[in-house]
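Below, each chain spelled out in residue letters.
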Amino acid sequence: MDKICSLPATMSETLVQSDLSSVVMDGVEIGIDQCLSDGILKDIPIINSIASIVKATQSISNYLYLKKIVSFLNGIKDVPKEKREQEIRKIEESKKYRNKVGEQLLFILDHCEDDIKAEYISYWFRAFLNSEIDYSDFIQGASAINKITTEDLKAYIRGSIDLYYDSSVYIGAGLLFMSMDRVRVKNEVVGDWDDDPKLVTYGGELEVNDTYLGDKIKTIFKDIVK
């Protein structure tokens, strides 16, 4: 229990102090094997902590959680430690947010369906660290990414969805919004020129468009999702 309670602080320590260059692998499985056999990744606090929990509990859920965290860290390993510390300290010291960054990330990663989704979250977090989005964008975007499947997310980013038939899942995630074109009424002659004028309505059609958040996600992921 003590180890579980200490994970948020350990995650924060990992983000601001650790050299993540050792998280290099062709697949997450390599990193997991290293973790569980006291390999090179044992020097990364959050991985070492969760690996010890996995060993002690032999729990599949903890093992899968470790996979997601390794996948996430792998996605941000190229961001310099100094940059990570600078951006995270700004959030931690602002007192604007209820949860610390490390705690928030563990919560988000716990809700990822798998390590692939965790990798997408890492790219989104990297965009925050590189000042492409702000922290509020990151929180909202991470929630949106977790609300839809990986395949639906890929289809949205690629623009390969039917905006009208496939829109409900993306509207629910906050990536699309639906609006109605302005209704206009005119008094016009309909038919022969000598007919009496009639009221004719124009507009009122439904439109589906990207939200600000959806547009940001498409921009950040456009070169990642092919």
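You'll find the structure just up there.
The following paragraphs examine the structure supplied in this document. Along each chain, numbering runs from 1 in the same order as the chain's sequence is written. Selection of residues for local features in this predicted model requires a pLDDT of at least 70, selection of side-chain atom pairs for listing and counting requires 80 or more, and totals for whole chains, interfaces and linings are taken over all residues. As a convention, hydrogens and water are excluded, and side-chain values are obtained from all of the structure's heavy atoms.

1. A closer look at unusual backbone geometry
As a reminder of what qualifies: Segments assigned H or I by DSSP are reported as helices when at least four residues long, segments assigned E as strands when at least two residues long, and all are numbered from the N terminus. Burial classes follow relative accessibility: with a 1.4 Å probe on protein chains only, a residue under 20% of its type's maximum area counts as buried, one over 50% as exposed, and anything between as partly exposed.
In this structure, Q58 is a non-glycine residue whose phi angle is positive, near 55 degrees. Tracing the backbone shows Q58 in the loop between α4 (45–57) and α5 (60–75). Residue classification places Q58 among the exposed residues on the basis of a relative accessible area of 63%. Even without being a glycine, S131 presents a positive backbone phi close to 65 degrees. Take S131: it is sitting in the loop between α8 (115–129) and α9 (135–147).

2. Re the nonpolar core
For clarity, the cut-off: Buried Ala, Val, Leu, Ile, Met, Phe, Trp, Tyr and Cys residues form a nonpolar core when they are joined through side-chain atoms within 4.5 Å. Note on definitions: a residue-residue contact is assigned when non-hydrogen atoms from the two residues lie within 4.5 Å.
Ranked by size, the top nonpolar core spans 60 residues in total, and within it F125 and F138 carry the most contacts. Other than its neighbours up to four places away in sequence, F138 contacts L105, I108, I121, W124, F125, F128 and I133.

3. Section: the environment of D110
In this structure, D110 sits in helix α7 (residues 101–110). Separated by 41 residues in the primary sequence, D110 and I69 have C-alpha atoms spaced 8.9 Å apart. Ignoring any residue separated from it by four or fewer positions in sequence, one finds D110 in contact with Y65 and K68.

4. Considerations on α8
The cut-off we apply is this: To estimate how far a helix should extend, the number of its residues minus one is multiplied by 1.5 Å. Polar contacts, as used here, are pairs of N or O atoms within 3.5 Å; protein pairs need one atom able to donate a hydrogen and one able to accept it. Residues neighboring in sequence count only if both atoms are side-chain atoms.
Between its terminal C-alpha atoms α8 stretches 20 Å, which fits the 21 Å expected from 15 residues at 1.5 Å a residue. Of all 15 residues making up α8, 12 are buried, and the element is well covered by its neighbours. All of the buried residues in α8 are D115, K117, A118, Y120, I121, S122, Y123, W124, F125, A127, F128 and L129. Here α8 starts with a cap whose side-chain oxygen sits 3.1 Å from the backbone nitrogen of I116, and that cap is D114.

5. Focus on the packing of aromatic side chains
Let me state the cut-off plainly: A pair of aromatic rings is counted whenever rings of Phe, Tyr or Trp (Trp by its six-membered ring) have centres within 6.5 Å, and the orientation is called stacked for planes under 30 degrees apart, edge-to-face for over 60 and tilted otherwise. For a ring to carry a charge above it, either NZ of a lysine or CZ of an arginine must fall within 6 Å of the ring centroid while also lying within 35 degrees of the normal to the ring plane.
Tallied over the full model, the rule gives 10 aromatic pairs. Taking 6.4 Å as the distance between ring centres and 65 degrees as the angle between the ring planes, the aromatic pair formed by Y120 and Y123 counts as edge-to-face. With Y120 and Y123 both in helix α8 and 3 residues apart, this pair spans about one turn of that helix. A single burial state applies to Y120 and to Y123, both of which are buried. Judged by centre distance (5.7 Å) and plane angle (25 degrees), the rings of Y120 and F221 are stacked. In this pair, Y120 sits in helix α8 while F221 sits in helix α12 (residues 212–221), placing the two residues 101 residues apart along the sequence. Across the pair, exposure class does not vary: Y120 and F221 are buried alike. The residue whose ring lies beneath K218 is Y156, and the NZ or CZ to ring-centre distance is 4.7 Å.

6. Description of the pattern of salt bridges
Inclusion rule: By definition, a salt bridge exists where a carboxyl oxygen of Asp or Glu is found within 4 Å of a side-chain nitrogen of Lys or Arg.
If you walk through the whole model with that rule in mind, you get 7 salt bridges. With its nearest N and O atoms 3.7 Å apart, the salt bridge here joins K67 to D115. Residue K67 is found in helix α5, and its partner D115 is found in helix α8; the two are separated by 48 residues along the sequence. Residue K67 is classed as buried on the basis of its relative accessible area, which comes to 13%.

7. A look at a nonpolar patch on the surface
Note the following rule: Nonpolar side chains (Val, Leu, Ile, Met, Phe, Trp, Tyr) are joined into patches within 5 Å and like charges within 9 Å, using only residues with over 30% relative accessible area and no salt bridge. Each accessible area is a Shrake-Rupley result for a 1.4 Å probe, and residues are judged covered by the shown protein chains and nothing else.
A contiguous nonpolar patch, built from L163, Y164, Y165, I171, M178, M180 and L206 and spanning about 750 Å² of accessible area, is present on the exposed surface. Assignment of secondary structure puts M180 in strand β1 (residues 176–180).

Shape is all these values report; function is a separate question.
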